[in-house]
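Topology and contacts: notes
Residue-level listing of the chains:
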Amino acid sequence: MSHFNFVIPLNRDDLFEAATRNQYTVENVYNTRDLKIKLQDCTISVQQQGAEFVLTEGFDVIFSLLQEYSKNATFDMKQQGFDIVVRGMASLVDSLAGVLTSGQLLETEDRVSNLNCMKMMLYLFCQLVEMVDQEQGSMVDAVTGAKQKGKKKARDDDFTWDWDQERMRAVTLLYNLVQLNLNTLFDPPMMEEEVINLIASSMFKILENPVMAFQNKRDVRLSIMQVLGTVNKKYNYTLSCSLKFIQHLKHFEHLVSVLGQATEVLVKEFNCNSMVMELVREISRIDSKELARDTSGTRSYSLFLVDLAERLPELMKPSISLLTTHLDGESYSMRKCVLGVMGEIVAKVLSGEDLDENGRDDRDSFLDCLEDHMHDIHAHVRSHVLQIWGKLCKDKCIPLSRQHHVLELAAGRLQDKSSNVRKAAVQLLTTLLESNPFAAKLQTEELELKLREEEAKMKEMAPEEAVDPVEHWNNMDSKIRDGVKKAVNAEEESDVEKVWEKATVGEICERISGFLEKNAFGKALSLLKDAQKEIPDEDIFKLDDAESPEEPMEENASDDKSDDDEEDNSEDEEEGGSKNKTEKKDEKVGKLMKLLKKIFFEVKRTPEPSMSQSQNMSQDELGKQRMLVQYLTDSVKFSKIIHKSLPIVAQLLGSKQSTDILEAIDFFVSAFEFGVLNAMIGVRRMLALIWSREATIKDAVVGAYKRLYINVESNSLRSASAAIAQNLIALIVGATLGELTSMEKLVSEFVASKDIGKGVFTVLWEYFTGVLPGSMPEDSRAAITLLGMCAISQVSLITSNIQVIVDHSLGDKGQLDFRLVQHSCQALLRMVPAKLKQDDPNPPTKFEIDHQIFQKLEQLLVEGIEFRKDQHYMPMAKNALMVIYQLGESPDTFASEIIKKICRKIRSKQEAVIAGGDFKVENFVLSRLFFLLGQVALCQLNYLDVNVFNELKRRNHLRELKAEKDKKEKKDLEKKKAKRASLLRTTALETPRNANQEEEDDCVGAEADDAEAEFIRHVCEKEILFGPTLLTSLTPLILTICSNPNKYPDPDLRASASLALAKFMLVSSDFCDKHLQLLFTVLEKATEPVIRANLIIALGDLSFRFPNTVEPWTPRMYARLHDDSLSVRSNTLTVLTHLILNDMIKVKGQISDMAFCIVDSVERISGLAKLFFSELSKKGNTLYNVMPDIVSRLSDPEKGIVEDHFRLIMKYIIGLIEKDKLLESLVEKLCHRFRATRTERQWRDIAFCLSLFPYSDRSIKKLADNFPCWSDKLHEDSVYDSICVIFAGVKKGVGVAVGGSGRSEAKQLMEELETKVEEARAKGVVDRDAEKNAQAAKDGKKKGKKGDDDDESRKGKKSGGKGKKKVESSDSEEEEMEEEQEETEVEEAGGSGKKGKSVDDSDDEDEVETSGKKKKGDKKGKRIESSEEEEEMEAAPLPEKRGRREVEKSAKKGKKRVEEDQIDSEDDFQERRGRRGGRKR
């Protein structure tokens, strides 16, 4: 058996040829028919011989199966072959275990035999396992792990055993094999690399199956890892294994976590520590450009490294230096990876308190890197870094000193352009807030107050910090020296200080030192001199050198003597000692400085530390106090940064991205819980999100308020209910109208979900009635408001407590608090159903007019009209009238009685006060009366149009139902009769009677509804405000006040009267038509902004009610957009927005006034205007249709809009048009507009608009086709620059559809057009210069020829019709002359002569006549429409082109010809101008 040597082949076909002499080759390859028989023989052989069956013909049989496996082999053959090799492998492991563990040396023949048997068996086993696993993997879904659905297979088309178990059995056999000492089979005793690769490759082949990442394959994975670990440890496979890991990561994404786990097992259980470094090194060697290209492989590498850092952070830390190069690479995935690895290392290795200096440095460098990449160029990296910081914060791994800086950086990312970054930034802010180490309540004001208190305590405990005496002396040295010099030079001692009685040396030194610190240098020297006299033996007052200390003092004392003899003696002594006076004084100063320094240091010397227990305790307390102050300082700083970020996060609540909104909600909930100042801003702003259409946002809002206001921790149900009620009342107090509307929705949701129950209702009723001690009037109002909100979901709350409301709010208490009455009326109105049902058999709830509710309300309305102090009478009266009309029987009669009683009350009071004089009423009473009148008219309209009409429809519906029921019963009865009659019928010609009656009855319902609607309309039009009614009798009073503002100057009175008039006009179209002019006069003439603001809203309602009546007056409504008052402009813009978007007003040219609001100085109005145009752009082609009018009106010089503002407006509006066809058409229209322009400013504006469009190949063609329209404007620099901007954008590919074949065509077209533009630009500049020269020459001639000017002016008058005078400015004259001169040059230089001229003239004349007729017929003086201009202008391009070529030639002939042409054109110009003036006239 030793006559051959088996070599494991790289390719299966290598076994057919022998590379060496004794190499084993396959001799017999069996076909499918023979293979079945041979497999049965092999089964017997393996049972008898074990693994040695492969040494005979067994290898060739199994090899034949491998060859036929994917071709013709059946499942039975595959299963039989697999069973054979598994049995053979088990036998091999058992036999080798017995041989290799015996300890005896093998003979050469036995060793070779066992080696061949092992390699042959191993090769067949691994090959077959790989094939079966690959086949089984293809039948399984890679996502779910279940078998793929398809056609049903026959029974013999699949294995009869479970492959998961068989695969586990196969891996276990390989594990048992590698556990043996296989090296002894080889010579030399080292396993061949081919054998190792064969085993490892089969393991990796199994791992390639996607299902191996599933949780239920955990045992197989661990077994494969054990096999690989054994191979690495025993046979030094680590390097090759690392390379295999890298290759598989690149191609199989599911292996990221599998190989991460494998690496952990290999390192921890098999001590393959070098493997981590090898893996990192191999990944770091990959080129950054390749990583940027291969996104899937790069993603796998990055996830693997981060997973490895989570599992083995200690081993990854030394390898991080290899990865840092990728921080500057192109691949953002690798940057994320490296930063993630750093985060894991900091969290798990460098986060302890016991770090050494190197560890702290590494941690700080990693954190610095993470901070830097918060500003990475790629959004994914920025968001990932913020997530890493959030994880570090949760793990409490951020040093305290770095918390504030991280918080500031996170706040800076709140305005990032990427929604993912903003989301991560808000999450980090929330995490930092929730995990902050400072305080549970971050209330800035309280923390600052506490900080000041603790700082004061610290100052008391340590009044002065110990200062270094040397440093202190150095700071004072120059001052002391100057002071001592002055004192020495002074002839008399000004400050005399003596040593006091019983003074100690220490006290004297302290006083001298104090004098020095206070800059009293004279006193210090005087005290020192006296101390030297009084205590001469004290060493502190002596100098250390040999000189006597008394000498300087005596010399100083000699200054006191004024005898001339002593001065002469001192001078002689100085001369005798060869010293002058200055040198001696400097020496004296130096000695004094030494002595003072000695005394100062003695005083400032730090005392010896005492070991007493009390001092130790004081030092400990001082240290604790310092820590407390530092803690409070950090808390205040942290709180202020959070507070600064609140407005930015509040803006995210209005974001279009739902992720921004959800994260902002979570942040504000946390901020509110931590007591952050002004967090209530965001909490209140969240209320509006309850109306969101996205369920996630709505649920988040409900959950947030439930967490803040409903989920209360309490021991008893009563205290919990009280806390909830108190929270909701706090939310109600101070809420705006919009917030209250949102709260209605929110509270009704809580009531419907039973989060607010009976306990809370009880507490709210107690607050309302004032039973609870300490309840305020505000609490009572808030409680009834909340109860009204709860009644939306549970109306029985109000219906069962009507008497409570009447007793506690409509009685004496209501007389003192009109707001309480107002809120109570709103609660009572909850009894009115939101929508009246026609099929409801029960009529709506109504009360008799003598009910206590109405009697109390009548008393409040009549008596309260004179209560001037309470300013809430009008809103109370509005709600009271609504209650009367919605809940009362015959409300119109009752309301008229209230008005009559008020009038009688006013009359009787005035008659009592002024007997026989003029009748006078206070303004506030009259304004309240007018409000009541207007509200009664409005309520009457609503009552008739809604309540009465619906009630009539309901009754008709019930009658129809009853009629149908009766008809059905009658029909059934007739059928029975007909059945009996059919038996008695004598002839077939008899027909039943009333056959068409049923069809006639069907029309009754619709006709009845129309008749009722017509009846109600007639009542509103003819009866309410006309005829003998109360409102009719009081109408003249309202009209008088509105018509005479000078006579009635009170603004409140006129505002109330004008609003009452507007409400009256809502009732009847006849009344509206009659007084509409008065209303607009008040709107325009009123000086008070409040009147104008109110009336513009009323006009909006009138436009909805009577659109045809108000339509002619809409320009006056547009005019209010230019009002000086902010509120008027805002209301006008809002009203017009609603009217236009609801198709109640036709969009016309006046919409340019709304476009003007885009550049309003007030941001709110600018935002409203932008929102309007954004919504308008979504309504079909409306914005496109008015775009030319907007451009024309805004560029009109008479409008006076600044050019910069025009550009801002058009940049925004044009950006809203996205359809390609509309953009192309606009290009053409704007090009045609050039011909209708009059000034250079209009040229610039239109050219700028053209430069804003994104150009496709078709729109470029439109621009080129209309080149003649704008070619003559290119001499203007701004026009030329705008055209160049278009060219630059197209060259860069900034276009809608400039791509592919269209890109090349557009590029070619652009090159041709660019050449034309440059030629026209050059010619235009030449023409402009020639015109300037001609104009200068003409001006010179005019000075000498005055008579010519008179003739020309007479011509202008003659052609002007009725002798219109010239009123245009000189600038406009020159511009028109230039236009006419160009036309004349074209006519004269054209090749066709008169023919070209006649075409141009006819076009011009037609245009002038058309515009003249238009202006004559139209009162508003609109210009001609763009479509007419386009048709008229398209006739003349050919002569114009021909004429311009000739002009270019004629311009070179000289100045003389130009001047002659100019004179001729001047005559033509005057004629045309006169003709235009006549038509305008």
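All figures in this text were calculated on a predicted structure; none of them were measured in a lab.

A look at the packing of helix H3 (residues 75–100) against helix H5 (residues 163–178)
At a closest axis distance of 10 Å, the pairing of H3 and H5 adopts a crossing angle of 25 degrees. Judged by the inter-axis angle, H3 sits roughly parallel to H5. Helix-helix and strand crossings are classified by hand; for H3 and H5 the assignment is left-handed. Taking contact as the criterion, the partners of Phe82, Val86, Met89, Ala90, Val93 and Leu96 in H3 are, on H5, Trp163, Glu166, Arg169, Leu173, Leu174, Asn176 and Leu177.

Here's the deal with helix H60 (residues 1277–1292)
Spanning 16 residues, H60 covers 23 Å between terminal C-alpha atoms, matching the ideal 22 Å at 1.5 Å per step. Turning to H60, its buried residues number three or more, namely Ser1278, Val1279, Tyr1280, Ser1282, Ile1283, Ile1286, Phe1287, Gly1289 and Val1290.

Considerations on unusual backbone geometry
Excluding glycine, residues mostly carry a negative phi; peptide bonds, for their part, are mostly trans. Of the consecutive residues aspartate 187 and proline 188, the connecting peptide bond is found in the cis state with omega at 0 degrees. In this structure, proline 188 sits in the loop between H5 and helix H6 (193–207). Residues other than glycine seldom take positive phi values, yet asparagine 236 does so here, at roughly 60 degrees. Inspection of the secondary structure assignment puts asparagine 236 in the loop between helix H7 (218–235) and helix H8 (238–251). Despite not being glycine, serine 890 has its phi angle at roughly 50 degrees, a positive value. You can see serine 890 is positioned in the loop between helix H40 (873–887) and helix H41 (891–913). Serine 890 sits in the partly exposed class, given a relative accessible area of 45%.

Some details on the nonpolar core
Formed by 371 residues in total, the largest nonpolar core has its most connected members in Phe59, Phe1173 and Trp1270. Membership of the second largest hydrophobic core comes to 27 residues, among which are Cys509, Leu527, Phe541 and Met593.

Here we look at the side chain of arginine 221
Relative to the helices and strands, arginine 221 is located in helix H7. Aspartate 219 provides the closest opposite charge to the buried, salt-bridge-free arginine 221, at an N-O distance of 8.3 Å. For arginine 221, the residues in contact, after removing those within four places along its chain, are Met212, Ala213, Phe214, Val258 and Gln261.

As for the confidence of the model for the protein chain
Overall, the predicted model of the protein chain reaches an average pLDDT of 79, with 80% of residues at or above 70. Predicted confidence in the protein chain is weakest over helix H64 (residues 1394–1417), with a mean pLDDT of 37, and strongest over helix H17 (residues 379–394), with 94. Counted against residues more than four places away or in other chains, residues 545–579, with its pLDDT under 50, gives 27 contacts. Counting contacts from residues 1294–1300, a segment whose pLDDT is below 50, to residues more than four positions away or on other chains yields 16 contacts.

Focus on the packing of aromatic side chains
Two numbers describe a pair of aromatic rings. These are the distance of the centres and the angle of the planes. Under the counting rule described, the total for this entry stands at 22 aromatic pairs. An angle of 65 degrees between the planes, with centres 6.2 Å apart, marks the rings of phenylalanine 854 and phenylalanine 894 as edge-to-face. Taken together, the residues phenylalanine 854 in helix H39 (residues 852–864) and phenylalanine 894 in helix H41 connect sequence positions 40 residues apart. For the pair shown, phenylalanine 854 and phenylalanine 894 are each scored as buried. An aromatic cluster of at least three residues, connected via ring pairs, comprises Phe6, Phe16, Tyr24, Phe59, Phe63 and Tyr123. Directly above the ring of tyrosine 69 sits lysine 78, whose terminal nitrogen or CZ lies 4.4 Å from the centroid.

So, the packing of helix H16 (residues 357–372) against helix H18 (residues 400–412)
At a minimum axis distance of 11 Å, the contact between H16 and H18 shows a crossing angle of 15 degrees. When the axes of H16 and H18 are compared, the pair comes out roughly parallel. For the pair H16 and H18, the crossing hand works out as left-handed. Counted together, Asp364, Leu367, Asp368 and Glu371 of H16 and Arg402, His405, Val406 and Leu409 of H18 form the full contact between these two elements. Its residues placed into classes, the contact of H16 with H18 shows three nonpolar, one polar and four charged.

Describing helix H31 (residues 717–732)
With 16 residues, H31 should cover 22 Å at 1.5 Å per step; its first-to-last C-alpha distance of 23 Å lies within 8% of that length. Among the residues making up H31, those that are buried are Ala720, Ser721, Ala723, Ile724, Ala725, Leu728, Ile729, Leu731 and Ile732. Those residues of H31 hidden inside the fold are in contact with helix H29 (679–685), helix H30 (695–710), helix H32 (737–752), helix H33 (758–769) and helix H34 (777–790).

With respect to a negative patch on the surface
A cluster of acidic side chains, namely Glu353, Asp354, Asp356, Glu357 and Asp361, defines a negative patch on the protein surface. Within the secondary structure, aspartate 354 sits in the loop between helix H15 (332–348) and H16. Among the residues examined, aspartate 354 registers a relative accessible area of 70% and is labelled exposed.

Regarding the pattern of salt bridges
In the structure shown here, the tally under the stated rule is 56 salt bridges. Aspartate 1160 serves as the salt-bridge partner of arginine 1129, at 3.0 Å between the closest nitrogen and oxygen. With arginine 1129 in helix H51 (residues 1126–1141) and aspartate 1160 in the loop between helix H52 (1151–1156) and helix H53 (1163–1176), the pair connects residues that are 31 residues apart, well separated along the chain. Close ionic contact of glutamate 1276 with arginine 1244 constitutes a salt bridge, the shortest N to O distance being 3.6 Å. Remark: arginine 1244 occurs in helix H57 (residues 1240–1252) and glutamate 1276 occurs in the loop between helix H59 (1267–1270) and H60; sequence separation between them is 32 residues. Overall, the relative accessible area of 13% leaves glutamate 1276 in the buried class. Judged by relative accessible area, which is 18%, arginine 1244 ranks as buried. Each member of the salt-bridge network shares a partner with another, and the members are Arg363, Asp364, Asp368, Glu371 and Arg402.

Rules and cut-offs
- Here the residue numbers are simple positions, counted from 1 along each chain's written sequence.
- Only residues with pLDDT of at least 70 get local features here, since the model is predicted, and only at 80 or more are side-chain atom pairs given and counted; chain-wide, interface and lining totals rely on the full set of residues.
- Neither water nor hydrogens contribute to the side-chain values; these are computed over all heavy atoms in the structure.
- Interaxial angle, 0 to 180 degrees, is taken between N-to-C directions of lines fitted to C-alpha atoms, where a helix line uses only the stretch in contact.
- Helical segments are the DSSP runs of H or I of at least four residues, strand segments are the runs of E of at least two, and each set is numbered from the N terminus.
- In these notes the angle categories are as follows: under 35 degrees is roughly parallel, over 145 is roughly antiparallel, 65 to 115 is roughly perpendicular, and the rest is oblique.
- By definition, turning the near helix anticlockwise from the far helix through less than a right angle yields a left-handed crossing, and turning it clockwise yields a right-handed one.
- Throughout, a contact is declared for two residues whenever any of their heavy atoms are within 4.5 Å.
- Residue count minus one, scaled by 1.5 Å, sets the expected span of a helix.
- We call a residue buried when its accessible area falls under 20% of the maximum for its residue type, exposed when it is over 50%, and partly exposed in between, using a 1.4 Å probe and counting protein chains only.
- Only buried residues count toward a nonpolar core, which is a set of Ala, Val, Leu, Ile, Met, Phe, Trp, Tyr and Cys residues joined through side-chain atoms within 4.5 Å.
- Counted as positive: Lys and Arg. Counted as negative: Asp and Glu. His and the chain ends are not counted at all.
- When a carboxyl oxygen of Asp or Glu lies within 4 Å of a side-chain nitrogen of Lys or Arg, that pair is called a salt bridge.
- What pLDDT expresses is the predictor's confidence in each residue, scored from 0 to 100.
- Two rings from Phe, Tyr or Trp (for Trp, the six-membered ring) form a pair when their centres sit within 6.5 Å of each other. Planes less than 30 degrees apart are called stacked, planes more than 60 degrees apart edge-to-face, and all others tilted.
- Think of it as a cone above the ring: NZ of Lys or CZ of Arg counts as a charge over the ring if it is within 6 Å of the ring centre and within 35 degrees of the ring normal.
- Nonpolar residues are Ala, Val, Leu, Ile, Met, Phe, Trp, Tyr, Cys and Pro. Charged residues are Asp, Glu, Lys and Arg, and all others, Gly as well, are polar.
- Patch membership needs two things, relative accessible area over 30% and no salt bridge, and members are linked within 9 Å if like-charged or within 5 Å if nonpolar (Val, Leu, Ile, Met, Phe, Trp, Tyr).
- The method behind every accessible area is Shrake-Rupley, applied with a 1.4 Å probe, and residues are considered shielded solely by the protein chains displayed.
- For this purpose, a charge sits on NZ of Lys, CZ of Arg, CG of Asp or CD of Glu.

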